[in-house]
Amino acid sequence: MNNIALNNVHQQLGAKMVPFAGFSMPVQYAGVNIEHETVRKAVGVFDVSHMGEFILKGEGALDLIQKVTSNDASKLFDGKVQYSCLPNEQGGIVDDLLVYRIDEKTYMLVVNASNIEKDWNWISEHNTFGVEMKDISGRTSLLAVQGPKATEALQALTEVDLASMEYYTFTKGVFAGVGNVLISATGYTGAGGFELYFDNEHAEEIWNKIFEAGEPYGIKPIGLAARDTLRLEMGFCLYGNDIDDTTSPLEAGLGWITKFTKDFVNSENLATQKQNGIERKLVGFEMIDRGIPRHDYEIADAEGNVIGKVTSGTQSPSLQKAIGMGYVQTGFTNEGKEIFINIRNNKVKAKVVKFPFK
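Residues numbered from 1 in each chain as written. Predicted model: local features only at pLDDT ≥ 70, side-chain atom pairs only at ≥ 80, totals over all residues. Heavy atoms only, no water.

Asker: What's the story with the layout of surface pockets in this structure? I'm lost.
Answerer: Space left empty within the atom packing is revealed by a probe, the size of a water molecule, rolled over the atoms. Estimates place the volume of the second largest pocket at around 430 Å³. What lines the second largest pocket is a set of 21 residues, among which I55, I136, R139, K172 and N180 lie closest to the centre. Of all the elements, strand β12 (residues 178-184) adds the most residues to the lining of the second largest pocket, at five residues. Grouping the constituent residues of the lining of the second largest pocket by class yields 10 nonpolar, five polar and six charged. (1 Å grid on protein atoms, 1.4 Å probe; cavity = no way out; pocket = protein on both sides within 12 Å on 5 of 7 lines; lining within 4 Å. Points joined across faces, edges and corners; volume = space filled by probe spheres on them. Helix = DSSP H or I, 4+ residues; strand = E, 2+ residues; numbered from the N terminus. Nonpolar A, V, L, I, M, F, W, Y, C, P; charged D, E, K, R; others polar.)

Asker: Can you walk me through the nonpolar core in this structure?
Answerer: Considering soluble globular proteins, one finds that nonpolar side chains tend to be buried as a cluster. Within the largest apolar cluster, 42 residues are counted, with the highest numbers of intra-cluster contacts made by Y100 and I243. For this core, the secondary structure elements donating two or more residues are β3 (23-28), β6 (80-87), β7 (93-103), β8 (106-111), β10 (140-146), α7 (224-234) and β18 (321-329). Top contributing element to this core by residue count: α7, with four residues. Those residues within four positions of Y100 in sequence are excluded, and the remaining contacts are K80, V81, T106, Y107, M108, V110, F170, L182, S184, T186, E195 and Y197. Counting residues in each nonpolar core, the second largest holds 32 residues, with L157, L162, A185 and F194 among its members. (Core = buried A, V, L, I, M, F, W, Y, C linked by side-chain atoms within 4.5 Å. Buried < 20%, exposed > 50% of the residue type's maximum accessible area, 1.4 Å probe, protein only. Contact = heavy atoms within 4.5 Å.)

Asker: It is not clear to me how the confidence of the model for the chain should be interpreted in this structure. Could you clarify?
Answerer: Fine structural detail should not be taken from predicted coordinates in areas where pLDDT scores are low. For the chain, per-residue confidence averages 98 on the pLDDT scale, and residues scoring 70 or more make up 100% of the total. At the low end of the mean pLDDT range in the chain sits strand β1 (residues 2-3), at 94; at the high end sits β8, at 99. (pLDDT = per-residue confidence, 0-100.)

Asker: Just checking my understanding: could you explain the sheet that holds strand β14 (residues 220-222) for this structure?
Answerer: By way of backbone hydrogen bonds, the strands of a sheet pair with one another, either parallel or antiparallel. Taken together, six strands build an open sheet; the order of strands is β11-β12-β13-β10-β4-β14 and the sheet is mixed. Either end of the sheet is taken by a strand with one partner, and the two such strands are β11 (170-175) and β14. Averaged over all neighbouring strand pairs, the angle between strand axes comes to 30°, with direction disregarded. In the packing of helix α2 (residues 32-41) onto the sheet, contacts are made with β4 (44-47), β10 and β14, and the angle to β14 comes to roughly 115°. (Pairing = 2+ DSSP bridges. Axes fitted to C-alpha atoms, helices over the stretch in contact; angles between N-to-C directions.)

Asker: Just checking my understanding: could you explain the sheet that holds β8 for this structure?
Answerer: Overall, antiparallel pairing links the five strands, which are arranged β6-β7-β8-β5-β9 in an open sheet. Pairing within the sheet leaves two strands with one partner each, and these edge strands are β6 and β9 (132-135). With direction set aside, neighbouring strand axes in the sheet form an average angle of 25°. The pairing of β7 with β8 spans six bridges and is antiparallel. By the bridge assignment, R101 is partnered in β8 with Y107.

Asker: Sorry, what's going on with the environment of E35 here?
Answerer: When you line up the elements, E35 lands in helix α2. Placed 270 residues apart in sequence, E35 and N305 show a C-alpha to C-alpha distance of 38 Å. Each residue touching E35, except ones within four places of it in the same chain, is listed here: Q28, Y29, A30, P221, I222, G223 and A226. A polar contact is formed between the side chain of E35 and the backbone nitrogen of A30, at a distance of 2.8 Å. (Polar contact = N/O pair within 3.5 Å; in protein donor to acceptor, adjacent residues only side chain to side chain.)

Asker: Teacher, can you tell me more about α7 here?
Answerer: Because the α-helix completes a turn every 3.6 residues, residues three or four places apart line up on one side. In terms of residue burial, α7 counts as a mostly covered element, since nine of its 11 residues are buried. By the burial criterion, the buried members of α7 are L224, A225, A226, R227, T229, L230, R231, L232 and E233. Following α7 by one or two positions, G235 adopts a phi angle in the positive range, close to 80°.

Asker: Which parts of the structure should I look at to understand the environment of V94?
Answerer: Along the chain, V94 falls in strand β7. Taking the relative accessible area as the measure of exposure, V94 reaches 3% and is therefore buried. Separated by 25 residues in sequence, V94 and T69 place their C-alpha atoms 9.9 Å apart.

Asker: Is there a simple way to explain the pairing of β11 in this structure?
Answerer: For a regular strand, side chains alternate in direction, first toward one face of the sheet and then toward the other. Pairing analysis gives five bridges linking β11 to β12, with the strands arranged antiparallel. Within β12, the position partnered with F175 by the bridge is V178. The hairpin formed by β11 and β12 contains two residues between the paired strands, and A176 there has a positive phi angle of roughly 55°.

Asker: Whenever I open this one, helix α3 (residues 61-68) confuses me. Can you help?
Answerer: Residues of α3 that are buried include every one of A61, L64, I65, Q66 and V68, and no others. In this structure, the buried residues of α3 make contact with β5 (52-57), β6, β7, β8, α4 (116-125) and β9.

Asker: Would you take a moment to explain the side chain of E195 for this structure?
Answerer: Residue placement: E195 occurs in strand β13 (residues 193-199). At 4.8 Å, R227 is the nearest oppositely charged side chain to E195, a buried residue that forms no salt bridge. Of the polar contacts made by the side chain of E195, one reaches the side chain of T186; its length is 2.5 Å. In this structure, E195 is in contact with L98, Y100, L142, L143, A144, L182, I183, S184, T186 and G187, ignoring residues within four places of it in sequence. (Lys, Arg positive; Asp, Glu negative; His and termini not counted. Salt bridge = Lys/Arg side-chain N within 4 Å of Asp/Glu carboxyl O.)

Structure (structure tokens):
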């Protein structure tokens, strides 16, 4: 089990630590609902240092990224971030990731913790472009400061004008007295805020200064459990739940990051799938009758025929209702369509809704 740099800090704060993707991670502190509301209404800090970071450098860096990712990275400019995925040869997804263009020949890829080795091997396998690859995951800490008060809470710690940073852009600068911190206007909560990348040695100093500066704004540490409920309310996919090696990006509603203007791994087959139409699609649904949908529960039609399965589900802290995501046959994807979740042998009524959940 690997420890993140702030492991002791989280334990001192009374965090419940759980094994996740080979790391000991804080799953909650004060409780999921309280933490969730803190991020929706004020500002919270997630330690997501378990995530993976790769640096790709060289003349062929863009060519390699174009080959292995589904989105069009040629549209990136210095300081721009792009959401993308790594398609596999079978039409599924190796991982979803963020692509950061540092300069014309240097990129940073941010991948899921559980897929670091898998992604590294996959990208290396396709590196016929002589690109220098460096895995900096082990020495990099990542804090996500999220919520409507994130900008105000952090502004005193940097001369970078945080309020003027557009969504999905980044800059490098001095933050909390530490140089070369990558400040990114990204996040996985839908509540706004920033993600901060820096060397492990500065982790405690930066953490403490963030909490000092954020105190007047009600800043709190937030665990992975609330991160999950927050992303689910937005309809954001979680790798291993909603997308995996067997789900096509088109089925997952990720057609917007699948650009057929270039040639990438398995692009021909995915283009054919787009042309022929998909047989199932990832949808959001809310429960009409009482019951909480859970991962892998069956989804049925009114006659009880199984038409799909739940990939994520929870009782939404903000909306005070049970919500979920799941793959269903394409005849059942329209907004307002009535479906049923099989919960402990009971057919529990739900309806298809649009993302984000309201």
